[in-house]
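Report on the structure
Letter by letter, the chains look like this.
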Amino acid sequence: MQLTKELYSALVKNGKAVIAITGGGGKTTLLRKLSTYLKKQSLSVLITTTTKIQNPLFYDYEADCIFKDELGILTHEVEKGEKVFYAESSKYDIKKTVSPRLELLSVLKDRYDVLLYEADGSRGLPLKIHSERDPVIIDGTTAVIAVMGLSAIGEKAYSVVFGDDSDKIVDSEYITSYLRDPDGLTKGMKAYTDNVIVVNQCDGHEDKIDEVMKVRFPYPVFIASEENDEVYLSV
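Reference entry: report on the structure contained in this document. As the structure is a computational prediction, the values presented were derived from the model and not from experiment. (Residues numbered from 1 in each chain as written. Predicted model: local features only at pLDDT ≥ 70, side-chain atom pairs only at ≥ 80, totals over all residues. Heavy atoms only, no water.)

Note that E226 resides in the loop between β13 (221–225) and β14 (230–234). Within the buried set, E226 has no salt-bridge partner at all; the shortest N-O distance to an opposite charge, 7.8 Å, is to R32. Leaving out residues up to four positions away in the same chain, E226 has contacts with L3, G26, T29, L30, K33, V147, V198 and N200. (Helix = DSSP H or I, 4+ residues; strand = E, 2+ residues; numbered from the N terminus. Buried < 20%, exposed > 50% of the residue type's maximum accessible area, 1.4 Å probe, protein only. Lys, Arg positive; Asp, Glu negative; His and termini not counted. Salt bridge = Lys/Arg side-chain N within 4 Å of Asp/Glu carboxyl O. Contact = heavy atoms within 4.5 Å.)

Now for the packing of helix α1 (residues 3–11) against helix α2 (residues 27–40). Packed helices, taken two at a time, are described by the angle their axes make and the gap between the axes. Between α1 and α2, the least distance of the axes is 9 Å, while the angle of their chain directions is 70 degrees. Considering the angle they form, α1 stands roughly perpendicular to α2. The residues of α2 that touch α1, namely those facing L3, T4, K5, L7 and Y8, are L30, K33, L34, Y37 and L38. When grouped by side-chain class, the residues that make up the contact of α1 with α2 number seven nonpolar, one polar and two charged. (Axes fitted to C-alpha atoms, helices over the stretch in contact; angles between N-to-C directions. Parallel < 35°, antiparallel > 145°, perpendicular 65-115°, else oblique. Nonpolar A, V, L, I, M, F, W, Y, C, P; charged D, E, K, R; others polar.)

Before going further, it helps to spend a moment on the environment of I175. Within the element layout of this structure, I175 appears in helix α6 (residues 172–180). Classification of I175 by relative accessible area gives buried; the value is 0%. Between the C-alpha atoms of I175 and E77, which are 98 residues apart in sequence, the distance is 45 Å. Every residue in contact with I175, bar those within four places of it in the chain, is listed here: L127, M148, I153, V170, V215 and F217.

For the rest of this paragraph, the subject is unusual backbone geometry. Cis geometry is adopted by the peptide bond preceding P135, which originates at D134 and carries an omega value of -5 degrees. One non-glycine residue, E62, lies in positive phi territory at about 60 degrees. You can see E62 is positioned in the loop between β3 (52–54) and β4 (65–67). On the basis of relative accessible area, E62 is assigned to the partly exposed category, the value being 35%.

Computed from the structure, the largest pocket encloses a volume of approximately 700 Å³. Residue lining of the largest pocket: 26 residues in total, with D120, G121, S122, R123 and K128 positioned closest to the centre. Of all elements in the fold, only α2 and β3 reach the threshold of two or more residues within the lining of the largest pocket. Looking at the lining of the largest pocket residue by residue, the class counts come to five nonpolar, 12 polar and nine charged. (1 Å grid on protein atoms, 1.4 Å probe; cavity = no way out; pocket = protein on both sides within 12 Å on 5 of 7 lines; lining within 4 Å. Points joined across faces, edges and corners; volume = space filled by probe spheres on them.)

Judged by nonpolar contacts, the single largest core of 43 residues is most densely connected at I73, L127, V170, I175, I197, V199 and F217. Per-element accounting of this core gives the leading share, four residues, to α6. The residues contacting V170, other than those within four sequence positions of it, are L127, A152, I153, G154, E155, A157, V160, V161 and I175. Grouped together as the second largest cluster of nonpolar side chains are 29 residues, L11, A17, L34 and Y59 included. (Core = buried A, V, L, I, M, F, W, Y, C linked by side-chain atoms within 4.5 Å.)

Turning next to the pattern of salt bridges. A full pass over the atoms with the stated rule returns 12 salt bridges. Its salt-bridge partner being E227, residue R32 comes within 3.9 Å of it at the nearest N-O pair. Here R32 is found in helix α2, whereas its partner E227 is found in the loop between β13 and β14, with 195 residues between them in sequence. Taking the relative accessible area as the measure of exposure, R32 reaches 13% and is therefore buried. Look at E227 and you get partly exposed, because its relative accessible area is 43%.

Here's what the structure looks like:
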């Protein structure tokens, strides 16, 4: 199965959606891949962040237009089948762009068929324990995709979990606790949003799938490779 196609079918209703991506181990890759698929469905797509995201100078989002200021994005005439990137320049880190005003995103979401945004950061680690400040979920969000990386399985938490300095081994028991933790993977998911979990990084880590399959997940799960856009198993 094709991961982006499955996510489109599950989360985009009547050609409209506001989708948050949370967690770790592949948020930006999924943002790029899913937005490109949506563009191919002749939808207008705005990709952004409510925290920080890589500067498009250093990462290719495959966007048709890139904006880093309010005037540019507000005066842009939206077209079908167009992917637009918008986040503000960072004063402190050239490699990052930062969240626009949330009030502005509330306006922009009504101009595009799909608004797709990263809602937290994990410093490149495959798992994330959230702080009080994140994830930042905007009003009107219709779906949340929580991502976790399969590469974490079998490793010590301090080396693969952002926010956990313990030496616990990440296994099925750890993932079960991680799912139950109010600051764990499912934080930000609400009863009124369509919720999906993507267990990423199957390519090269197929031997770790069995350990994840011991876990009872609270939402539909795609065990997948985002890079290959392939679902290995769905639960």
